[in-house]
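Each chain, written out:
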Amino acid sequence: MTAQSAPYGSWASPVDVGLVAENDGRPGWLSHDGESLWWVRPMPAEGGRSALLRSRGDGAGPAEVVVPAPWNVRSRVHEYGGRAYVPVPGRSGAAVVFSEFSDQRLYLLEPGADAEPRPLSPQPARPAGWRYVEPVLAPDGDAVWCVREEHVGPAPTDVRRALVSVPLDGSAAGDESAVRVLVVDRHFLACPRPSPDGRSLAWIGWEHPDMPWDSTELRVARIDADGTVGPAVTVAGGRDESVVQVEWESAQTLLLLSDASGWWNLHRLQLAPDGTADGVPVNLCPRDEEFGGALWQLGMQWFAPLPSGDVAVIHGGASTRLDVLDPGTGQLRSGGDERYTEWAPTLATSEAGVIGVAAAPDVPYAVVGAAGRIGESEDGSTAVQRVLPVPSPRTFTGPGGREIHAAVYPPRHPDLRGPDGELPPYVVFVHGGPTSRVPMVHDLEIAYFTSRGIGVAEVNYGGSTGHGREYRNRLRENWGVVDVEDCVAVAQALAAEGSADPARLGIRGGSAGGWTSAAALTFDDTFACGVIMYPILDLAGWRTGETHDFESQYLESLVGPWPATAQRYADRSPINYPEGITAPFLLLQGLEDEICPPVQCERFVERIAGRGVPHAYLTFEGEQHGFRRKETIVTALQAELSLYAQVFGFTPADDVPTLALTT
């Protein structure tokens, strides 16, 4: 069949906006209790809640929803949350302890026909004021140990954290004194891990202004016979070294991910009988590639020890793979289906082998084990599969000759092509973080645009993970400069090589990507329009109280010391230069966002108003940082397509509501 000619952007596509919204997010937070596999799955059509699922054995059986609606298995520690549940022994089989999003209390559920979750942790005086994450079963089996975040004052930085023990008998639900404080140590705590013999506890800690990818310490303390945790010692990590995961290999040996070499590699550390380090960590597989990543959510897991003594590891750069490492030889062998090009940082192990969450450009994220894909269908519809984009990993050249890593998704529709002589519009997708990365995977949101004739370029700009500490450090004190320059360079290179229409280039991003998008529209004229989602727009405001505790001093490294470099904060903030924006834009914001609160968008819109710049500002009740509800995702995507149609000059094939732009 000969492809028919139609203007780029106007192609009819089987990738319906509802389909995109219903499949937003990926499964995660795997656990195996010896009998069943557990995991969390986002449910956009159920108010954006996170559901807990279970499959008997190693996933060969059907998946069942263990925690039904409206329960929402999600922690708010650091606002980004993390592993919010742990399977525990119950009176008649496996039970589960989980954090409920609405009140942030811990609950115990013993699955059954009439089972209802019952609270384990006390109700704080301040709603959702005590938050729990990364629970593990205590050595005696009578409690869960976890990170607790306590909000103690009106400011978002009025926060205390501790490792605590919450009894499983429910005695703490009405008596807060029954919650036992185990460790008060660093301001930030992660990865609590009791040793196999129950005599030691390891964890990761760090202090402001560091982020966990800057400098962390691996701490170890002895556990007394009465369960009291003794004084801690630092056994690894420190200044300019990031330890992001630790697990016990034996009662005296730790496995840890450290970037001491400039790359997150897997190390082994032997402990002396007194719990101090017996020597220095030994790199088990020295490679210029990442075996870890940025610890944005507590409980992320890039490796898992196996009963054989080997270690399952996720590693790579532009793409990742699951392999098995022999710690004795440093040799790697395949540990997962090699058709998958990306493995999410979550692993579980069972007698049958390693279970992970994986995807590829033509295969959506799913739980994957020895039995294949678990709880998910093998493929989407044939019509959708036919129009999925085929990404190309690219390395572009930026200012000063520096390398810029990106993935380019050209428009693709087997039945349609652009008119002769017409170049397609392209949109640069800017990831959040900014210490993060975007993988090349099945992404219906990207396919929504490429199947309609709009190209997409995802840029892993300087500062992104996946390419070592030196690449990450490019953004130090250069946020708003390097990220913008790299996105501009990729867009201009695509235009120069004849892949993209230079007059129809757009940029879009959320969170830190929203910042970069806004800064690019303000300080550069490459892009004809932009979509700015839940962004940072005012650096000084964000640094002085308009964000949560976790990132409240992130700008110390990204921009510079405050207040010594206050002028730099002012000079780079789009909110201070409304006259710089002349291109149409769409601004999207969740009204319950504690990370990038609506106040910044509101000030920005006030300063833009009346300047003759076409724009729209859409807000969403019940949404936090990032959109989770089906109806929100549908509205946002349709508004985005309408913006591109109006600016790039095409008529969508869909019946898309016209976005009303004001000046």
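This text goes with the structure placed above it.
Now for a look at the structure at hand. (Residues numbered from 1 in each chain as written. Predicted model: local features only at pLDDT ≥ 70, side-chain atom pairs only at ≥ 80, totals over all residues. Heavy atoms only, no water.)

## What to know about the sheet that holds strand β27 (residues 353-360)
Read across the sheet, four strands follow the order β26-β27-β28-β29 without closing on themselves; strand pairing throughout is antiparallel. Whereas interior strands pair on both sides, the edge strands pair on one side only; in this sheet they are β26 (342-350) and β29 (372-374). For this sheet the average axis-to-axis angle between neighbouring strands, irrespective of direction, equals 35°. Both strand β28 (residues 363-369) and β29 contribute to a ladder of three bridges, which runs antiparallel. Among the inter-strand pairings, Val368 is bridged to a residue of β29, identified as Arg373. (Pairing = 2+ DSSP bridges. Helix = DSSP H or I, 4+ residues; strand = E, 2+ residues; numbered from the N terminus. Axes fitted to C-alpha atoms, helices over the stretch in contact; angles between N-to-C directions.)

## Let's talk about helix α5 (residues 482-496)
Along its 15 residues, α5 runs 20 Å from first to last C-alpha, staying within 8% of the 21 Å computed at 1.5 Å per residue. Most of α5 is tucked away: eleven of the 15 residues are buried. The set of residues buried in α5 consists of Val482, Asp483, Val484, Asp486, Cys487, Val488, Ala489, Val490, Ala491, Leu494 and Ala495. At its buried positions, α5 is contacted by β30 (392-397), β31 (403-409), β33 (426-430), β34 (455-460), β35 (505-510) and α6 (512-523). Looking at the residues trailing α5, positive phi occurs at Gly498, about 85°. (Expected span 1.5 Å × (residues − 1). Buried < 20%, exposed > 50% of the residue type's maximum accessible area, 1.4 Å probe, protein only. Contact = heavy atoms within 4.5 Å.)

## Describing the packing of aromatic side chains
Evaluation of the coordinates by the stated rule reveals 24 aromatic pairs. Ring centres of Trp71 and Tyr107 lie 5.0 Å apart, and the angle between their planes is 70°; on these two criteria the pair is classed as edge-to-face. Taken together, the positions of Trp71 in the loop between β5 (63-67) and β6 (85-90) and Tyr107 in strand β8 (residues 106-109) put the pair 36 residues apart, joining distant regions of the chain. Judged by relative accessible area, Tyr107 falls into the buried class, the value being 9%. One aromatic cluster in this structure is built from Tyr80, Phe188, Trp206, Trp213, Trp296, Phe550 and Tyr554. It is Arg148 that lies over the ring of Trp130; its NZ or CZ is 5.4 Å from the centre. The ring of Phe429 carries the charged tip of Arg508 above its face, separated from the ring centre by 4.2 Å. (Phe/Tyr/Trp six-rings, centres within 6.5 Å; stacked < 30°, edge-to-face > 60°. Lys NZ or Arg CZ within 6 Å of the ring centre and 35° of its normal.)

## Observations regarding the state of the cysteines
Within the structure shown, the criterion is met by zero disulfides. With no disulfide partner, Cys487 has as its closest neighbouring cysteine sulfur the one in Cys529, 14 Å distant. For Cys487, a relative accessible area of 0% corresponds to the buried category. (Disulfide = S-S within 2.5 Å.)

## Comments concerning the sheet that holds strand β9 (residues 118-119)
Strand order in the open sheet made by the four strands is β6-β7-β8-β9, with antiparallel pairing throughout. Strand pairing shows two members of the sheet lacking a second neighbour, β6 and β9, which therefore form its edges. Pairing between β8 and β9: two bridges, direction antiparallel. Bridging from a neighbouring strand, Leu108 pairs with Arg118 of β9.

## Thoughts on unusual backbone geometry
Following Gly433, the chain continues into Pro434 via a peptide bond in cis, with omega recorded as 5°. Within the secondary structure, Pro434 sits in the loop between β33 and α3 (444-450). The amide bond that connects Trp562 to the next residue, Pro563, takes the cis arrangement and shows omega of 5°. Even without glycine at this site, Cys191 takes up a positive phi of about 60°. With respect to the element layout, Cys191 can be found in strand β14 (residues 188-194). Although it is not a glycine, Ser511 sits at a positive phi angle of roughly 60°.

## Focus: the layout of surface pockets
Looking at the second largest pocket, its volume works out to about 1000 Å³. For the second largest pocket, the lining is made up of 32 residues, of which His32, Val136, Arg193, Glu247 and Gln301 are closest to its centre. Counting only elements with at least two residues in the lining of the second largest pocket, the list comes to β2 (28-32), β6, β10 (130-137), β14, β18 (243-250), β22 (303-305) and β26. The element contributing the most residues to the lining of the second largest pocket is β10, with four residues. (1 Å grid on protein atoms, 1.4 Å probe; cavity = no way out; pocket = protein on both sides within 12 Å on 5 of 7 lines; lining within 4 Å. Points joined across faces, edges and corners; volume = space filled by probe spheres on them.)

## Describing the side chain of Glu290
Looking at the secondary structure, you find Glu290 in the loop between β21 (282-283) and β22. From its side chain, Glu290 meets the backbone nitrogen of Trp264 in a polar contact 2.7 Å long. Here the side chain of Glu290 touches Gly468 through a polar contact of 3.0 Å, landing on its backbone nitrogen. (Polar contact = N/O pair within 3.5 Å; in protein donor to acceptor, adjacent residues only side chain to side chain.)

## Points about the nonpolar core
Judged by nonpolar contacts, the single largest core of 120 residues is most densely connected at Tyr85, Leu218, Leu254, Leu266, Trp479, Phe527 and Phe585. A total of eight residues in this core trace back to one element, the largest contributor, which is α5. Excluding residues that lie within four positions of it along the chain, Tyr85 makes contacts with Trp29, Leu30, Ser31, Trp38, Trp39, Val40, Leu52, Val73, Val96, Val97, Phe98 and Pro135. With 41 residues, the next largest nonpolar core counts Val17, Val427, Phe449 and Tyr644 among its residues. (Core = buried A, V, L, I, M, F, W, Y, C linked by side-chain atoms within 4.5 Å.)

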